[in-house]
Every structure is written in C-alpha cells, then in structure tokens.
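Okay, here's what each chain looks like letter by letter:
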Amino acid sequence: GEYGDKIACISMGPAGEMKMAAASIAFTDMEQRPTRHAGRGGVGAVMGAKGVKVIVIDDAGTKMRSPKDPEKFKAATKEWVDGLKKNPTTGEGLPSYGTNVLTNVINEAGSYPTHNFLWGRFEGCEKISGETQAETETSRGGSATHGCHRGCIIRCSGTYVDKDGHYITKQPEYETVWAHGGNCGINDLDAIAQLDRLDDDYGLDTIEMGATIAVAMEAGIAKFGDAKAAINLVKEVGKGTHLGRILGNGAAVTGKVFGVERVPVVKGQAMPAYDPRGIMGIGVTYATSTMGADHTAGYAVMTNIMDIGGSVDPLKPEGQVELSRNLQIATAVVDSTGMCLFVAFATFQALLDMVNSFYDMNMTADDVVAFGKSVLKNERDFNIKAGFTSEHDRLPEYFKREALPPHNITFQVKDEDLDQVFNW
Ligand code: SF4
C-alpha cells in the first residue's frame, strides 16, 4: 500500500464515522488485517467525532528503549515467560483452544447466558465450543493458535477459514462466539465467523452487537436461532439504515426504542458472556466498573469458577465485593503496564520485577496496590463529574427478580454492599 508493509494502523470503520455507541477502534495484526479491536465503550465514535479515520504508525528509524538494569530485566523476563509457559491456562488451554475454551466451562457451570439472558445453559453449546472451533480450523487448513503481535508468547488467537480453506476472520473470541452464538440461540460457527468479520469490517464491538441482536430478537424483529437474520441485521448497521442506526447504538438504545424491559446493560453498556446471577462476583464487577458492564475490569470468574487466586462460591453473595474490589485494583495496574491482561495468570512479582528493572524503580507490592487504587479513583472522579452516582452502580432490576435456570437463582449482592466496593 501507500505506506509500505512495515506499518501498523489504528482505524475506525463506518460505525465510527456514524458515531455509533457500539463503534470500535481496530488495530492491525501481523498480517496487516484490522482484526484486533478496542471494542468496548464506543471508542470508535470518538475517532468519528474528531474526524480521524486512521493513524498510521511507521517505526522505521526508531530504536527499542533499553532497560535501565539489563541483567535484572533479563532475569525477570525469563521468570515471567517461564511462569506463563508452565501455567496450564496460558501454556496450554489458551494456545490450544483460545478463549473459547470457556464455552463448555461456563455452560457446565450453568451461567452461560442464552436467549438474551433467559437461561444459563445452551443446548447447542457443543457445536460452538472452543474444542469444536479448534478442530474445525485445523481440519480446514486454518490455525488454532496465532498471536495478536510478534511478541506474544501465549498466542490465544487463531485463523478461521471456510470449508474451502479461504480466510474468513481471525478466530472469534469466547465473548464473540457467545454474543453472536448462544445469546442469540445460534449454534453455527460459520455464521458466527461471518458476523465477527462484518463487525470487524464495520468497526463494531462484537459483545455489544451480539447483545443488541438478542434484544432485537426478544422484540420480535428476528427469531432466536436465525443466523441469516442476524447477519442481515449487522449489515443494516453497516449500511446505516434507520434500523441499523438504532442497532449500532447498542442494546440499551435498541431496548428503549422497541420497548424491551429485559436489557442486560449497566451504564448503557451490554453485559458480556457470564450471567451475574450464576457468577455473582462478576455481577459486582459489571455493576461497579467505571466503564459499565465489563468482565475484564475485575475478572471474578477466575476465582468463582476456576478457583484461581482462592475460592469464592459463585452462587452466594458472601465475599464477592472483596473479590471484585481486589481484582479491579490489580487489573488497573496490569492495564497500566500496557500488557495483555492474560499475563495476569503468571506471577505478579515477575511483572513487578520487570517494571522495576526497566525503569530503575523500587515499587513494592503495597505501592502497586496504592497505584491501582489511584487509577480507579481517577476514573470514579471522572464519572462523578459526568453525572454518575451510586444509582448507576446497579444491575438492571430483573436480575434481582427473575431466577436463572438451572440454579434458579437471582442476583443477591445487596445495593449497600455494592456501594462498599470502592470504600477501601
Ligand atoms: S494472549 Fe493477548 S496478545 Fe496474545 S494473542 Fe491472546 S489476546 Fe493477543
């Protein structure tokens, strides 16, 4: 192209140009495809509002920065890499099956939101699981492991190809497979891959779009399980038709326009692939995260379901506030390093040693906690100035009223306890 092939691009798509709330920002992968998205929060609309279509980065002539203490940095990096390789999740599960390894796990736990958060199990789960996806990819000549960038040692992504071996999209993530799959009653991996590709091409957040289509299905615009209709709805968004403009502004707007009460959003953002009634720790994170319903801000699923970092019963309210608080603090720190969040599975000390030796600092574990809290406080202060109150740190009422099968359980963390998350 015009700028050569040694560049990277950060861009918005038509959804960003139309300033839609579900608009994402795309980053090119190693093959120069715009497949890695900053999906959540409607950030693509910010580029649209500023009139910035693309940022082209060419690092020719620049130098890598050197660590202040190269020996210590090398030793810390080695320990960190060894930790990631030895860890069963980052060394085996993610490289083999990607994040979609979670489909069977969360479905088994009875917390896999299905048909717009109506049930906690999906009968078509086997057809869209990470195991089936990896087998489909490799048998067709695609790949079940691939990295966002050259430096990744986990490589949780992959390459999804059609029956003739032609590239469709990068391996859809667990959240995408759920949003466009189970949540809409769709059990067809090829259709999900097409939806993922359309989202990437238009610059749309896959979680928001899947949740939106499920709300539209509940409104009767399409039938649950109708993959063709789902594809057409996303195309409406890309074309910017009147219906497309509504859908492209996400689940909250779509629910309002079509009079749907069961709309799974917090602060206007759609919930990801874990039902907060069956995994109450993630419900606390959804409710209180400064950016609206978001799983990455404090991934309590890890402890609630996988017993990593302790064990807290997912079906009881006790211990969830503390769990979410600690994870939100730690996540704010990892996010600040610029590392992929999946490195959190390795030892935290090695990451701290890397940062300290790189910058010649002496941050202790206590300093790190204080730093994480300061990040969250800044975010909270921003939200307060923007008019958010504790009333916005809540799940929609129906999660407290409607019991989720198969556990037949409601969300039971009390409002006054949610208000304690940032009270440290
Ligand atoms: S581990 Fe992170 S950086 Fe690596 S491929 Fe997965 S998401 Fe991308």
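Check the entry above for the structure.
Keep in mind that what you see is a predicted model, and the values were worked out from it rather than measured. (Residues numbered from 1 in each chain as written. Predicted model: local features only at pLDDT ≥ 70, side-chain atom pairs only at ≥ 80, totals over all residues. Heavy atoms only, no water.)

## Section: the site of the ligand
Close to the ligand lie His146, Gly147, Cys148, His149, Cys152, Ile154, Arg155, Cys156, Ser157, Cys340 and Phe342, which account for all nearby residues. When the residues that make up the shell around the ligand are grouped by side-chain class, the tally is 6 nonpolar, 4 polar and 1 charged. (Near = heavy atom within 4 Å. Nonpolar A, V, L, I, M, F, W, Y, C, P; charged D, E, K, R; others polar.)

## Considerations on the sheet that holds strand S7 (residues 167-170)
Either a parallel or an antiparallel arrangement is found when strands of a sheet pair, and the pairing is made through backbone hydrogen bonds. Strand order in the open sheet formed by 3 strands is S5-S6-S7, with antiparallel pairing between adjacent strands. With one partner strand each, in any of the chains shown, strand S5 (143-146) and S7 form the two edges of the open sheet. Averaged over neighbouring strand pairs, the angle between their axes works out to 30 degrees when direction is ignored. Of the strands in this sheet, S5 and strand S6 (157-161) are in contact with helix H7 (residues 130-139), which crosses S6 at around 60 degrees. (Pairing = 2+ DSSP bridges. Helix = DSSP H or I, 4+ residues; strand = E, 2+ residues; numbered from the N terminus. Axes fitted to C-alpha atoms, helices over the stretch in contact; angles between N-to-C directions. Contact = heavy atoms within 4.5 Å.)

## Points about the nonpolar core
Ile106, Leu204, Met271, Tyr274, Tyr286 and Leu395 are the most contacted members of the largest nonpolar core, which has 76 residues in total. Counting contributing residues per domain, this core is built from domain 1 (7-58) and domain 2 (276-424), each supplying no fewer than three. Core analysis: the second largest hydrophobic core is formed by 12 residues, Leu94, Ile154, Cys156 and Ala350 among them. (Core = buried A, V, L, I, M, F, W, Y, C linked by side-chain atoms within 4.5 Å. Buried < 20%, exposed > 50% of the residue type's maximum accessible area, 1.4 Å probe, protein only. Domains from an automatic or database assignment.)

## With respect to the pattern of salt bridges
In the structure shown here, the tally under the stated rule is 21 salt bridges. A salt bridge links Arg40 to Glu208; its shortest N-O distance comes to 3.4 Å. A residue pair is termed long-range when its members are at least 10 positions apart, and Arg40 in the loop between strand S3 (36-38) and helix H2 (43-50) and Glu208 in helix H10 (residues 206-218) qualify at 168 residues. Here the two residues Arg40 and Glu208 agree in accessibility, since each one is buried. In this structure, the salt-bridge partner of Asp313 is Lys316, at a minimum N-O distance of 3.4 Å. Of the residues examined, Asp313 reaches a relative accessible area of 35% and is grouped as partly exposed. Residues joined in a network through salt bridges with shared partners are Arg394, Glu397, Lys400, Asp415 and Asp419. (Salt bridge = Lys/Arg side-chain N within 4 Å of Asp/Glu carboxyl O.)

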